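What follows is the residue order along each chain.
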Amino acid sequence: MSSRRPPRGEYIETDTGNKVARKATLVGTQNIMLGGKTVIQPDVMIRGDLIRTIQASSQAASGAAPNNTAVSIGRYCFLSRGCCLRPPGRLYKGAFTFMPLRMGDHVFVGPASVVQAASIGSHVHIGAKVAVGEFAIIKDYVRILDGTVVPPNMVIPSFSIVAGQPARLIGEVPEGGHDAFELRDLYKTVGNNPQPAP
Amino acid sequence: MAATPYTYIQCPCSDPSTLGRPADANSPTGTEPDEDDRTFDPRAPRSSYSLYPLEHLLYCEDCHQIRCPRCVAEEIVTYYCPNCLFEVPSSNLKSEGNRCTRSCFQCPICIGPLAVTSVETKPDPTLLAAPDNTAAPHSGPYALTCSYCHWSSTEAGIKFEKPNGIHAQLAKLRNGGTTRLTAKERKERRKDPSYRSTATEGGGPGDENLDLETQFANLKAFYQNQLADPNSGDAGLAALGDLGFSSPTSLSRIMSIYTGGSLQDKKAKSRVGAMREALESDEGLQLANLDESAAIEALQSDGHDCTASTTQLADQPPNLGEHHLHGRSRFTADLRPIPYLLRTKRSKRCPLCRHIISKPEAKVQTTRFRIRLVAGSYIPSIAIRPLSLSGGSGSSASGSALPGALLDPLKPAHYLLTFKNPIFETIKVTLGAPAKTPGRFASKVTVLCPDFEIGANTDVWDEALKDGGGGGGEPGRERRRQRRGEEGGGGSQGNINNNNHNQLEVGKIWERGRNWVSIVVEVVPASLRLDGGGDAPLAEDEDVLEIPMFVRVEWEGEPGGDEVGSVAGKDREAREKRELAYWCVLGLGRIRQ
Ligand SMILES: [Zn+2]
Ligand SMILES: [Zn+2]
Ligand SMILES: [Zn+2]
Ligand SMILES: [Zn+2]
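Residues numbered from 1 in each chain as written. Chains lettered and ligands numbered in written order. Predicted model: local features only at pLDDT ≥ 70, side-chain atom pairs only at ≥ 80, totals over all residues. Heavy atoms only, no water.

Student: Would you take a moment to explain the environment of B:W555 for this structure?
Tutor: Residues and elements named next belong to chain B. Considering the arrangement of structural elements, one finds W555 in strand β22 (residues 544-557). Taking relative accessible area as the criterion, W555 reaches 4% and is therefore assigned buried. Considering only alpha carbons, one finds W555 and H355, 200 residues apart in sequence, at a separation of 23 Å. (Helix = DSSP H or I, 4+ residues; strand = E, 2+ residues; numbered from the N terminus. Buried < 20%, exposed > 50% of the residue type's maximum accessible area, 1.4 Å probe, protein only.)

Student: Sorry, what's going on with helix α5 (residues 212-228) of chain B here?
Tutor: Residues spaced three or four apart along an α-helix point in a common direction, a consequence of the helix completing one turn every 3.6 residues. Residues and elements named next belong to chain B. If you check α5, its first and last C-alpha atoms are 24 Å apart, about what 17 residues at 1.5 Å a residue would give, namely 24 Å. The complete set of buried residues in α5 reads T214, Q215, N218, F222 and Q226. Within α5, the buried residues cover an arc of 100° as seen down the axis, which keeps them to one side. Along α5, the residues that are exposed and aim more than 90 degrees away from the buried face are F216 and A228. (Expected span 1.5 Å × (residues − 1). Arc of directions from axis to C-beta.)

Student: Just to check I follow, could you spell out the pattern of salt bridges for this structure?
Tutor: Side chains bearing opposite charge may pair, as long as their charged atoms lie close to each other. Residues and elements named next belong to chain B. The full count for this structure, using the stated rule, is 22 salt bridges over all chains. The salt bridge partner of D451 is K428, with a shortest N-O separation of 3.4 Å. A residue pair is termed long-range when its members are at least 10 positions apart, and D451 in strand β19 (residues 451-454) and K428 in strand β17 (residues 427-432) qualify at 23 residues. Overall, K428 belongs to the partly exposed group, its relative accessible area being 28%. (Salt bridge = Lys/Arg side-chain N within 4 Å of Asp/Glu carboxyl O.)

Student: Explain the coordination of the zinc ion (ligand 1) here, please?
Tutor: Around a metal, the ideal angle is 109.5 degrees if four donors adopt a tetrahedral arrangement and 90 or 180 degrees if six donors adopt an octahedral arrangement. Residue and element names in this part refer to chain B. Donor atoms from the polypeptide that bind the zinc ion (ligand 1) are C11 (SG), C13 (SG), C68 (SG) and C71 (SG), placed at 2.2 to 2.3 Å. Taken together, the four donor atoms coordinating the zinc ion (ligand 1) and their angles of 103 to 113° define a geometry best described as tetrahedral. Along the chain, the residues that donate to the zinc ion (ligand 1) are spaced as C-x1-C-x54-C-x2-C. Remark: C68 occurs in the loop between β4 (65-67) and β5 (73-80) and C11 occurs in the loop between β1 (6-10) and β2 (51-53); sequence separation between them is 57 residues. The exposure class of C68 is buried, given its relative accessible area of 1%. (Donors = N, O, S within 2.8 Å, 3.2 Å for Na, K, Ca; no water. Tetrahedral: all angles 85-135°; square planar, octahedral: opposite > 155°, others 65-115°.)

Student: So what exactly am I meant to see when it comes to the packing of aromatic side chains here?
Tutor: Here the distance between the centres and the angle between the planes together describe a pair of aromatic rings. Taken as a whole and assessed by the stated rule, the structure comprises eleven aromatic pairs over all chains. With centroids separated by 4.6 Å and ring planes inclined at 20°, the aromatic side chains of B:Y6 and B:Y8 adopt a geometry described as stacked. In terms of burial, B:Y6 and B:Y8 fall into one category: buried. Here the basic side chain of A:R90 rests over the ring of A:F135, its NZ or CZ set 5.1 Å away from the ring centre. Above the plane of the ring of A:F181 lies A:R143, whose end atom (NZ or CZ) is 4.7 Å from the centre. (Phe/Tyr/Trp six-rings, centres within 6.5 Å; stacked < 30°, edge-to-face > 60°. Lys NZ or Arg CZ within 6 Å of the ring centre and 35° of its normal.)

Printed below as a string of structure tokens:
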């Protein structure tokens, strides 16, 4: 028996080209910003519900509408199966609050990794089963190898290759290795009409 | 070695023929004078120092040659702290050393980052501020705590009064919290008569525990004083007289030898004083502490766990230590927070023509490069993919073999090599590979099509507009066809012998696209069985099937100002013939044992 209608796709494809798996768990979607062309695989969890409870003083003073973005993701990011994005939290002026998690373009997050960074730059590769601690700052062109534990508050400068528990610098990204961070081709390989890898 | 498959390229800097000196007779790579006769052995001990993945290689446009991390000349553009990302001017570097002097420290136990926390609250590393800090926002004392292993500097007895300027504060603190005098303070204390009396009363000379820097400062001051005033020698210690090497007269005598006597001090002859050695702590005398009972006791009570590992000791910054060398910290309790080592941004020069081939922008926070000539933009990349040929009809050949699968010994296997041309000219590629791989276990290698052309890396739109022209037969699509026999074959000459294999024809290209070509390599892996007991067991990675391959790329470039670079050609034709040749190694996979 063949169904007349094509089967419901595994992914929801948005106008801006995001491919979000139906089996992904996005909590507080109104607080999650996707830049477009981002892939969110099944079993991914994004905690958009963990918004900041204390607004920055400048915003409070100006009376502007509160910015409730909890997780912002740039273009061509790839969130692999089973990974989790969770905004970091801390005490600020005596009260506990979450702070936004910001992610640039072309960020790959490997399967089963947990990311609680404050900011991740562009062209970052996070391997499988990596834990990125709260308020870590990862700059551009950084490669984090599988199984790494990045301690809270750690700063990883551009062109670093880190590994280990806790993370330690093990090498530098060579000049010719910049293109390897591009995720445009990987984006095409998933979705409801996947194309084979070139 | 890396996971298979892989392609490593040999930089010509390690090739004896390009070194400009006679080949070393003892060279393990062989010394045939004719370069073409020499097969590169990827297993030679030297080879691992000259093989690099394509991404690690640069390219000199003036020399038209590959450059590797080993042969480029590096120049430091910027120093910066990897933690606070502040740039450190090189003038500071000379005075302050190569570590961050702000408040950036690493954990001496686990190397994780240390954060400044208030000691009064529970030292929870995730809390950057105390819950009650609205009431008392700056309540000291402070400590450095590790957010990974929860080590705290209080364990070493180190607390800070202020939350900033930790580096300067730490410089004055010993482990245990006692203050460490600066040289100036020590000098002032020396003049203090009350201190002098207590020092001479209690204990013998040299008992005072000096740290390395203070001891050196004291010794230096002591000898400088003596040199400046040669008559000040203690009468009691003049026993060495003028004979010893410590005498200022012998020093001036030696100096006169090197200065030709013109600078000889005539007064020197009248000098009778002699230099003496340091006798007190003030003068830099430090008695060796040979009593190790405390260390033995600590070992007995806390065991081996309390000792510092070699890595931990190696991470400790020099000169910041507590004790002299003979009392070097051997316990984790003696370790001190590690100020971050500075990192650098570096530019790279060609070793031959001195042109800059890589130069990052100086600003710490930018990732742009002013110059970045990477080899990947000049030489074709080689991707390896296993090809499984299910028997039967020709059309069933598919490229869906499991990557990383083991190769069966003595059973022919096929691999698809995809060459991608990065330059804007059509290139002609000629491959050379030995029929048998070097080493103990010789696998048979056949490159089915060692000679082919690859189309130029033109704009995808150019190709689309051209609408089906050209001999490739493939429209200008990035996407590779999944399943097909072979077609096209333009640009490959040679005999069209029908091999016994399904669709594998000698001299024919497997597949081609806009700027890429796939060819097939057939291998018959060697058996790794060792005969009898005489043979050495299998060495590490000896089971990897590695093919040395000589790649020659030829193309015609615009003479001057084009993408491929320009050199003053001998004859200025409209088109200039260019050639680049190098060895590379294809690691196909591991052979089943
Ligand atoms: Zn080199
Ligand atoms: Zn710093
Ligand atoms: Zn630690
Ligand atoms: Zn050069």
